[in-house]
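Chain by chain, the residues:
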Number of protein chains: 2
Amino acid sequence: MSIYPKPVEELIDHFARLPGIGRKGAARLVFHLLEQSDEEVREFAEAMVSARLNTVFCRECQNLSGEELCPLCSHTERDRTLLCVVAEPRDVAAIERCREYKGLYHVLHGVISPTRQKSPADIRLKELLERVGSGGFNEVILATNPDTDGDTTALYIARTLRPYEVKVSRLAYGLPMGGHVEHADELTILRALDGRREV
Amino acid sequence: MSIYPKPVEELIDHFARLPGIGRKGAARLVFHLLEQSDEEVREFAEAMVSARLNTVFCRECQNLSGEELCPLCSHTERDRTLLCVVAEPRDVAAIERCREYKGLYHVLHGVISPTRQKSPADIRLKELLERVGSGGFNEVILATNPDTDGDTTALYIARTLRPYEVKVSRLAYGLPMGGHVEHADELTILRALDGRREV
């Protein structure tokens, strides 16, 4: 005999399938939901279906979009000679929050990862090559995470882009602002040393 | 201009309203969902509505139930002289997992908390008094958490039950099995000292 009513167990199962949520955490979320009004729960459910059905990948940058061409790609004042390559849509959001970068983006939807069996064919690299190949870009900025898979991906893309006449750069990695040398891990210090600049 | 398409932002809002989930965590969950099939997302949404609509509170123990009387209350082999009072449905699940307790339960759906403005009227105490008042129970076991609110609630209920002819007990609190005295916090050690038993 299961402890909770069947519909509750089923909803817990769904939540427990989300990344980073265990069965106990899922049960907690479900109990919270069961205390909300019918209306509120129904709105949540509808938002879920609507987000899934009304979201496409922008045909240019591959970011999540409500239309075929996303607002960033169709924006008339972005710098169309600059392309920033990121792993995930949330990376676009993080960079946009800085309000400094004015170029375009390309979302890979993943990184190359030998340990997780992700090959170059599993990310949107073909689309990137097509975009760069059709010309117009002066510089491609690789903004993958500073970890093993992110480095592998950046290196692979840099090498793949070599035949194209385009400058390829990578974000600087080093001590985070406000961080302490004392508390930084060894890899970060190595990166910071490696990327030191004359003052 | 928001970074994500509107339906995505709206779904993130819904997830971010769940306890313990911030906006970044919510975005992570949403991106995961957007990678699932339409079918899967629709099932999740339907499970949500179904859990909300098909779950009631058992008219006896107030636990979540698919029927008017929950499987535990309608079970013919439970000990109907023993009543275990818990704060939340998940506490019933935790105790049931031990497969030892064979009595009935009463779910308060909360605890009395002066700091969080929860009064005795905000928990299902009236229902508890009615059950105990209608007789048949030899013992009421108070199984609220060993924290300030849990203690307050247990004390309040114990006092309220005094006029009834029923034994009132509380779970033992002390060092968890496998725990180390060295690593236990002071309150736990105090509780363990306080609850010491002759051997």
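For the structure, see preceding data.
Source: prediction; values computed, not measured.

Colleague: Got a sec to walk through a negative patch on the surface? Specific residues and values, please.
Modeller: Where like charges cluster on the molecular surface, the negative patch consists of Glu39(A), Glu40(A), Glu43(A) and Glu46(A). Structurally, Glu46(A) is set in helix H3 (residues 38–53).

Colleague: Before we move on, can you summarise the pattern of salt bridges with the specific residues and values?
Modeller: Residues and elements named next belong to chain A. Under the definition given, this model contains 20 salt bridges over all chains. Arg23 is paired through a salt bridge with Glu9; the nearest N and O atoms lie 3.0 Å apart. In this pair, Arg23 sits in helix H2 (residues 23–34) while Glu9 sits in helix H1 (residues 6–16), placing the two residues 14 residues apart along the sequence. On the accessibility criterion, Glu9 (17% relative accessible area) is buried. Among the ionic pairs, Glu68 bridges to Arg59, the shortest N-O distance being 3.5 Å. The exposure class assigned to Arg59 is partly exposed, which follows from its relative accessible area of 48%. It is possible to trace a salt-bridge network through shared partners that takes in Glu9, Asp13 and Arg23.

Colleague: Tell me about the sheet that holds strand E3 (residues 79–86) of chain B, residues and numbers included.
Modeller: All names here are of chain B. Here four strands make up an open sheet; going across it, the order is E4-E3-E5-E6 and the pairing parallel. In the strand order of this sheet, the two ends are held by strand E4 (103–107) and strand E6 (167–170), each with one partner. Between one strand and the next, the sheet's axes are offset by a mean angle of 25°, whatever the strand orientation. Relative to the sheet, helix H5 (residues 89–97) contacts E3 and E4, its axis offset from that of E4 by approximately 155°. With respect to the sheet, helix H6 (residues 125–133) is in contact with E3, E4 and strand E5 (139–142), its orientation differing from that of E4 by roughly 150°.

Colleague: Requested: an account of the nonpolar core, with residues and values cited.
Modeller: Counting residues in each nonpolar core, the largest one holds 46 residues, and the members touching the most others are Leu11(A), Phe15(A), Met48(A), Leu11(B), Phe15(B) and Met48(B). Secondary structure elements with two or more residues in this core: H1, H2 and H3 of chain A together with helix H1 (6–16), helix H2 (23–34) and helix H3 (38–53) of chain B. Leu83(B), Leu125(B), Ile157(B) and Val166(B) belong to the second-largest nonpolar core, a separate cluster that totals 17 residues.

Colleague: Can you lay out the relation of the copies chain A and chain B for me, pointing to particular residues and giving the numbers?
Modeller: Of the two same-sequence chains, chain A is brought onto chain B (RMSD 0.1 Å, axial shift 0.0 Å) by a rotation of 180°. Overall, the copies show the geometry of a two-fold rotation axis. Proximity to the rotation axis, assessed at the C-alpha, singles out Ala45(A) in chain A; its C-alpha lies 2.2 Å from the axis. Looking at the interface residues of chain A, 100% of them are also at the interface in chain B, so both copies use one shared face.

Procedures and definitions
Residues numbered from 1 in each chain as written. Chains lettered and ligands numbered in written order. Predicted model: local features only at pLDDT ≥ 70, side-chain atom pairs only at ≥ 80, totals over all residues. Heavy atoms only, no water. Patch = residues over 30% accessible without salt bridge, like charges linked within 9 Å, V, L, I, M, F, W, Y side chains within 5 Å. Areas by Shrake-Rupley, 256 points an atom, 1.4 Å probe, with all protein chains shown as cover. Salt bridge = Lys/Arg side-chain N within 4 Å of Asp/Glu carboxyl O. Lys, Arg positive; Asp, Glu negative; His and termini not counted. Charge placed at Lys NZ, Arg CZ, Asp CG, Glu CD. Helix = DSSP H or I, 4+ residues; strand = E, 2+ residues; numbered from the N terminus. Buried < 20%, exposed > 50% of the residue type's maximum accessible area, 1.4 Å probe, protein only. Pairing = 2+ DSSP bridges. Axes fitted to C-alpha atoms, helices over the stretch in contact; angles between N-to-C directions. Contact = heavy atoms within 4.5 Å. Core = buried A, V, L, I, M, F, W, Y, C linked by side-chain atoms within 4.5 Å. Least-squares fit on C-alpha atoms with pLDDT ≥ 70 in both.

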